[in-house]
Amino acid sequence: MAWSVTGIGVGEGLALGRAWVLAPASFDLPRREIAALDIEPEIQRFQAAIAQIEEEFEVLRAALGQEPAAEVRAFIDLQAVVLQDPLLVEATVDRIRKESCNAEWALVQQFQAVAAQFDAIEDAYLKERKADVEQLVERVLKALQGTENLSTVLAQQSRQPDDLPWILVARDIAPADMLLIREHQFVGFATDSGSPTAHTAILARSLGLPAVVGLQTLHGMVSQGEEVVLDARAGVVVGSLDDALRDHYASQQAEQALEQEKLKRLKTVAAKTLDGQAIRLLANLDLPDDARAALEAGCDGVGLFRSEFLFMNRQEPPTEEEQFEAYRQVILVMAGRPVTIRTLDSGADKDVPAISAGRGHPTNPALALRAIRLCLAEPELFMTQLRAILRASAFGPIRLMIPLVSGPQEIIAARRMIQAAMDSLRSQGLAFDQAIQVGAMIEVPSAAIAIDSLVAHIDFASLGTNDLIQYTLAIDRTDSEVAHLYEPLHPAVLRLIRDVIKACDRANTPISLCGEMAGETSLTRLLLGLGLREFSMHPIEILRVKQVVLRSTLGDLSRPVGRLLRLPEGKKIRAELQKLNV
Ligand code: PEP
Ligand code: MG
């Protein structure tokens, strides 16, 4: 009899394979009394385990090669920093000495003391860091006990019959291990913990792997080597497959592969609705290396380059020269297509230690000195970036986009800085685009509501719906406890989107949308009906959205979409929207 467990699907697609169950290290360990003579060897055993983990991190870093997978690197570095923390290492050694106990016991006791401090913190982001420490402690325990870490799993994996690919099943997966999953033959992963905004989920999306997270009980249900299906679209893992079910999923998988092949044929097809309206499909990039994938997907340019990832995972912010090279790399790959570079959007859930170190921790990071506010408060930092962007603009069409704009005053101040950067480049005889376009992200409700007063100051605008939803609905986008209230289809959100598009159209200001909504095919027709003609999304989503565009008739959309906006709540809008999507 088949069983299934439901969680939250992340990414797209279906994977059929054998479960590789990664046993969690048990935190419920016995205390052993260590004789006085054995205390130093016990400490050495603990230190050897720490050294082993350090070595594993080195291997992981080397596996990254030249590819600056900034998020992955940042996670490894974060764990490597925690591994050096005296609160974890020295304090554990002290406990072994003072309490004459075994290293595992001392480590778990110390972790519980640290965890209690995390629990007392109000801030959700910092609270989440407890999971990072927990994963690290788990790693050290496994090293102490000689049980498998992912690296040992991978060595064994290569000795197993590989009639089917492997799906990793774990209580949780350390972000650093996600890289190994990509480097090896895992075709998906399933975890008991996690939410769509957790680190592992973010990485899964950027690695293009299907995943199901938040499964709660899967880990105890599935046995090693058992054949399972992981369906990210339905957010479900199915096991104990009989022949009929196996055939069903195998044919779905074949269909999926066929669909992918068919989609590829759309690469060179112009994105036009059935009634002839051209739609621009742009790419969101996190790193310069993503530009190639964006081009492969046939994008019309870059609608959002998240420059803050260049600032992560390093001690100092990147120099003007480093930034210039990164921006130039993207512009050269894009070969004449426009590239929208967003200036540094650090803060809130995207902490950049190279900048935030030494600053106090704000009570509410999402409402604090972040993005353009921070750049205006740190003119030297901002000037370095502006000079780098301007210099790169000599190599192709660049648009400069300012994040978290709340009203005209920030654009006016930013423009003043841009002017100063231009003057300094001019005096040095350095080339740049004198007419560079300057735009604003519309992601703060005040900017959306008073868009009329902003359009006179900008050359283009882009709706940042990820944040616009968070601020409009007062839902922290990183907090799993309120994640169910994060509703892109809330009438207030949709009305803001509609009004911004209308106001921009009236003012002849190009408007795009670069939040996650742009890549959701179930929302493509809704957005077309709201008047959107420019979408910017993750490269893997471009062809799917193009397919919907090619099958849509604009003339059939505006009236039903107008009716949707009069409905009182997201749930009703979602139900009605389904009719529009058939
Ligand atoms: C947004 O807020 O919609 C956006 C695209 O930017 P980010 O997700 O980087 O905040
Ligand atoms: Mg944003």
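Quick look at the structure, then. (Residues numbered from 1 in each chain as written. Chains lettered and ligands numbered in written order. Predicted model: local features only at pLDDT ≥ 70, side-chain atom pairs only at ≥ 80, totals over all residues. Heavy atoms only, no water.)

## What about the side chain of D231?
By the element assignment, D231 lies in strand β7 (residues 227-231). At 5.5 Å, R233 is the nearest oppositely charged side chain to D231, a buried residue that forms no salt bridge. Contact partners of D231, with chain neighbours within four places excluded, come to G13, L14, V212, V236, Y249 and Q252. (Helix = DSSP H or I, 4+ residues; strand = E, 2+ residues; numbered from the N terminus. Buried < 20%, exposed > 50% of the residue type's maximum accessible area, 1.4 Å probe, protein only. Lys, Arg positive; Asp, Glu negative; His and termini not counted. Salt bridge = Lys/Arg side-chain N within 4 Å of Asp/Glu carboxyl O. Contact = heavy atoms within 4.5 Å.)

## Things to note about the coordination of the magnesium ion (ligand 2)
Coordination of the magnesium ion (ligand 2) by the protein is provided by E443 (OE) and D467 (OD), with metal-donor distances spanning 2.1 to 2.2 Å. Of this pair, E443 sits in the loop between β13 (437-442) and α17 (445-449) while D467 sits in helix α19 (residues 465-473); the two residues are 24 residues apart in sequence, bridging distant segments of the chain. The exposure class of E443 is buried, given its relative accessible area of 2%. (Donors = N, O, S within 2.8 Å, 3.2 Å for Na, K, Ca; no water.)

## Comments concerning the pairing of strand β11 (residues 339-342)
In β11, alternate side chains face the same way, and those of V339 and I341 on one face and T340 and R342 on the other are all buried. As paired elements, strand β10 (residues 302-306) and β11 share three bridges and run parallel to each other. Paired with R306 across the strands is R342, a residue of β11. Looking at chain direction, β11 and strand β12 (residues 398-402) are connected through four bridges and run parallel. Paired with I341 across the two strands is L400, which belongs to β12. (Pairing = 2+ DSSP bridges.)

## Observations regarding the packing of helix α10 (residues 243-264) against helix α22 (residues 542-550)
With their axes 10 Å apart at the nearest point, α10 and α22 run at an angle of 75 degrees to one another. Comparing the axis directions of α10 and α22 gives the class roughly perpendicular. Listed contacts from α22 to Q260, L263 and K264 of α10 are L543, R544 and Q547. The class makeup of the residues in the contact of α10 with α22 is two nonpolar, two polar and two charged. (Axes fitted to C-alpha atoms, helices over the stretch in contact; angles between N-to-C directions. Parallel < 35°, antiparallel > 145°, perpendicular 65-115°, else oblique. Nonpolar A, V, L, I, M, F, W, Y, C, P; charged D, E, K, R; others polar.)

## A look at the site of ligand 1
In the vicinity of ligand 1 lie 14 residues, with R306, R342, K350, N466 and R477 positioned nearest. Within the side chain of R306, an N or O atom sits 2.8 Å from an oxygen atom of ligand 1. Interatomic distance of 3.3 Å between a backbone N/O atom of G464 and an oxygen atom of ligand 1. Here ligand 1 loses 98% of its free accessible area of 290 Å² to cover by the protein chains. Those elements that provide at least two residues to the shell around ligand 1 are β10 and α19. When its residues are assigned to classes, the shell around ligand 1 shows three nonpolar, four polar and seven charged. (Near = heavy atom within 4 Å. Polar contact = N/O pair within 3.5 Å; in protein donor to acceptor, adjacent residues only side chain to side chain. Areas by Shrake-Rupley, 256 points an atom, 1.4 Å probe, with all protein chains shown as cover.)

## Some words on unusual backbone geometry
Non-glycine residue A474 carries a positive phi angle of around 55 degrees. For A474, the location among the structural elements is in the loop between α19 and α20 (491-506). Positive phi is not limited to glycine here, since N508 has a value of about 60 degrees. Tracing the backbone through its elements, the reader meets N508 in the loop between α20 and β15 (511-513).

## A few points about the side chain of D345
Relative to the helices and strands, D345 resides in the loop between β11 and α13 (353-356). Excluding its chain neighbours within four sequence positions, the residues that come into contact with D345 are E308, K350, R370, A371 and P403.

## With respect to the sheet that holds strand β6 (residues 211-213)
Reading across from one edge, β1-β8-β7-β3-β4-β5-β6-β2 is the order of the eight strands in this open sheet, with mixed pairing throughout. In the strand order of this sheet, the two ends are held by β1 (3-6) and β2 (8-10), each with one partner. This sheet shows a mean twist of 30 degrees between the axes of neighbouring strands, independent of strand direction. In the sheet, β2 pairs with β6 via three bridges, with the strands oriented antiparallel. In the strand pairing of β6, I8 is matched with V213. Together, β3 (14-22), β7 and β8 (236-239) form the strand contacts of α10, whose direction differs from that of β3 by roughly 115 degrees.

## Structural notes on the pairing of β8
By the alternation rule, side chains of β8 split into V236 and V238 and V237 and G239, which are all buried. Of the pairings in the sheet, the one linking β1 to β8 comprises four bridges and is antiparallel in character. Counterpart to S4 in the pairing with β8 is V238. Pairing analysis gives three bridges linking β7 to β8, with the strands arranged antiparallel.

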